[in-house]
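What follows is the residue order along each chain.
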Amino acid sequence: MPELPEVETFKRYLDSTSLRQRITNVEVRDAYVLKRVSVRQLARRLKGRRFETSYRHGKHLFVRTGDDPPSPRLRWASFWLRLHFGMTGSLEYLNHDEVPPKAARVIFRFANKCRLAFDDQRKFGEIELIEDVGEFLRTRGLGPDALEITLSEFKAILGKHRGAVKAILLNQQLIAGIGNLYADEILFRTCMHPATEAARLRDKDLTRLFRATRYVLVKAIALKTDFNRLPKSWLLTHRGKGGRCPRCGRALKLATIGGRTSWFCVHCQKRI
């Protein structure tokens with residue numbers, strides 16, 4: 001499932017391929033991914049515009065649209081295209097002679113004959129048009145972005161909420177962007193059991209957790225979330241059935257914590 005590092009990678013990919021290109025048409029191959037906008041509305045509102053800039057918050061990618069109107073008598077207000085990648089979503093930029101992927105749900109066509117495909121095999125992704133990003137974030141009740149949050153904000157959030165530390169890291173209303181995979185990696189890096197009660201964390205534990213969060217997310221982005229390039233010392237390269245701890249070599253344990261599956265090392269990750 002795309003988490004903050006994957007969505008940030010998609011953002012940078014879109015920025016490098018698709019900004020400032022005039023949209024000539026929008027092809028919707030499966031309207032299931034459209035939220036609160038019809039096929040006709042999406043094509044009508046985007047045709048003739050350009051993607052001007054992008055912004056990511058948590059697992060959501062927002063792309064601002066705008067351009068000069070076709071007539072000086074008209075005034076075009078800018079709005080945002082919201083992309084959420086669900087469990088299997090991604091972006092693929094296609095040259096004019098490239099065949100779109102079979103799971104392409106929406107294809108944005110540009111004046112240079114290239115296209116940007118929103119690929120989503122399991123169709124849990126979302127595409128929507130919104131007027132105001134800030135209002136969307138408030139309406140959804142999303143917490144601060146995991147890479148924008150300060151240490152003091154992080155400590156305040158963890159300090160006033162009860163429950164397993166992993167469940168708090170995964171709560172998008174508290175901190176936006178961390179998913180199941182990277183939460184396991186963050187906790188492995190801090191040698192912290194995922195079921196550790198947040199209320200038991202000391203100030204130095206919270207600092208370690210904050211630093212590990214930033215390190216893991218930034219490192220994954222730098223490696224373009226390519227698991228084959230991740231350090232072998234990371235849990236993610238061993239996580240799964242038959243996996244062994246890269247520190248001590250013992251078998252990893254699977255448990256359900258906060259309603260989510262968790263992989264961890266019982267020996268290296270102790271409850272505080």
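Residues numbered from 1 in each chain as written. Predicted model: local features only at pLDDT ≥ 70, side-chain atom pairs only at ≥ 80, totals over all residues. Heavy atoms only, no water.

*Asks:* Mind laying out the overall build of the chain, listing which residues take part and the relevant values?
*Replies:* Secondary structure assignment for the chain yields seven helices and 10 strands. For 272 residues, the compact-globule estimate of 2.2 N^0.38 gives 19 Å, and the C-alpha radius of gyration of the chain, at 21 Å, lies within 12% of that figure. Each principal axis of the C-alpha distribution contributes one length, and for the chain these read about 65 × 40 × 30 Å. When the 272 residues of the chain are sorted by exposure, 53% land in the buried category. Sequence-distant contacts in the chain: of pairs separated by 6 or more residues, those separated by 24 or more amount to 63%. A total of about 13500 Å² of accessible surface is found on the chain, and carbon and sulfur atoms cover 48% of it. In the chain, the 52 positive side-chain charges and the 28 negative ones have mean positions that sit 4 Å from each other. (Helix = DSSP H or I, 4+ residues; strand = E, 2+ residues; numbered from the N terminus. Rg over C-alpha atoms; globule rule 2.2 N^0.38 Å. Buried < 20%, exposed > 50% of the residue type's maximum accessible area, 1.4 Å probe, protein only. Contact = heavy atoms within 4.5 Å. Areas by Shrake-Rupley, 256 points an atom, 1.4 Å probe, with all protein chains shown as cover. Lys, Arg positive; Asp, Glu negative; His and termini not counted. Charge placed at Lys NZ, Arg CZ, Asp CG, Glu CD.)

*Asks:* Help me get a handle on unusual backbone geometry, residues and values and all.
*Replies:* The bulk of non-glycine residues show a negative phi, and the bulk of peptide bonds are trans. The backbone of Lys123 shows a phi angle near 60°, a positive value even though the residue is not glycine. Inspection of the secondary structure assignment puts Lys123 in the loop between strand 7 (115-120) and strand 8 (126-130). The class for Lys123 is partly exposed, based on a relative accessible area of 28%. Despite not being glycine, Cys191 shows a phi value in the positive range, around 55°. Checked against the element boundaries, Cys191 lands in the loop between helix 6 (180-189) and helix 7 (203-222). Look at Cys191 and you get partly exposed, because its relative accessible area is 34%.

*Asks:* Talk me through the side chain of Glu6; I want residue IDs and the actual numbers.
*Replies:* Note on placement: Glu6 falls in helix 1 (residues 4-17). The side chain of Glu6 sits in the buried core without any salt bridge; Lys59 is the nearest counter-charge, 8.6 Å away. Separated by 2.9 Å, the side chain of Glu6 and the backbone nitrogen of Glu3 make a polar contact. (Salt bridge = Lys/Arg side-chain N within 4 Å of Asp/Glu carboxyl O. Polar contact = N/O pair within 3.5 Å; in protein donor to acceptor, adjacent residues only side chain to side chain.)

*Asks:* So what's going on with the sheet that holds strand 5 (residues 89-94)? Residues and values would help.
*Replies:* In space, the four strands of this open sheet follow the order 1-6-7-5, with antiparallel pairing throughout. The open sheet terminates on both sides in strands that have one partner only, identified here as strand 1 (23-28) and strand 5. With direction set aside, neighbouring strand axes in the sheet form an average angle of 15°. In terms of strand pairing, strand 1 meets strand 6 (residues 104-110) through five bridges, oriented antiparallel. Each bridged residue has a counterpart across the sheet, and for Glu27 the counterpart in strand 6 is Ile107. Strands strand 5 and strand 7 of the sheet are contacted by helix 1, whose axis makes an angle of about 20° with strand 5. The sheet strands contacting helix 2 (residues 39-46) are strand 1 and strand 6, and the helix crosses strand 1 at an angle near 165°. (Pairing = 2+ DSSP bridges. Axes fitted to C-alpha atoms, helices over the stretch in contact; angles between N-to-C directions.)

*Asks:* An account of a nonpolar patch on the surface is requested, with residue identities and associated values reported.
*Replies:* Taken together, the side chains of Met1, Met87 and Phe124 define a hydrophobic patch exposed on the protein surface, amounting to about 280 Å² of accessible area. Topologically, Phe124 is positioned in the loop between strand 7 and strand 8. (Patch = residues over 30% accessible without salt bridge, like charges linked within 9 Å, V, L, I, M, F, W, Y side chains within 5 Å.)

*Asks:* Can you explain the pattern of salt bridges? Please cite residues and give values.
*Replies:* Opposite charge on two side chains makes pairing possible when the charged atoms of those side chains draw close. Taken as a whole and judged by the stated rule, the model has 20 salt bridges. We note a salt bridge from Glu135 to Arg138, for which the minimum N-O separation is 3.1 Å. One end of the pair is Glu135 and the other is Arg138, both in helix 3 (residues 133-140) and three residues apart, which spans about a single turn. Look at Glu135 and you get partly exposed, because its relative accessible area is 40%. When the shortest N-O distance is used, the salt bridge between Asp205 and Arg208 registers 3.3 Å. On the criterion of helical spacing, the pair formed by Asp205 and Arg208 is a turn pair, its members being three residues apart in helix 7.

*Asks:* How would you explain the environment of Ser262 if you had to name every residue and give the values?
*Replies:* For Ser262, the location among the structural elements is in strand 10 (residues 260-264). Judged by its relative accessible area of 0%, Ser262 falls in the buried class. Counting along the chain gives 78 residues from Ser262 to Asp184, while the straight-line C-alpha distance between them is 6.6 Å. Once residues lying within four places of it in the same chain are set aside, the contact partners of Ser262 are Lys166, Asp184, Pro194, Lys253, Leu254, Ala255 and Ile257. Within the structure, Ser262 has its side chain in polar contact with the side chain of Lys166 (distance 2.8 Å).

*Asks:* Go over the environment of Tyr215, please, and point to the residues and values.
*Replies:* When you line up the elements, Tyr215 lands in helix 7. With relative accessibility at 34%, the residue Tyr215 sits in the partly exposed group. Between the C-alpha atom of Tyr215 and that of Leu201, which follows or precedes it by 14 residues, the distance is 20 Å. In this structure Tyr215 touches Arg189 and Trp234, once residues within four positions along its chain are discounted.

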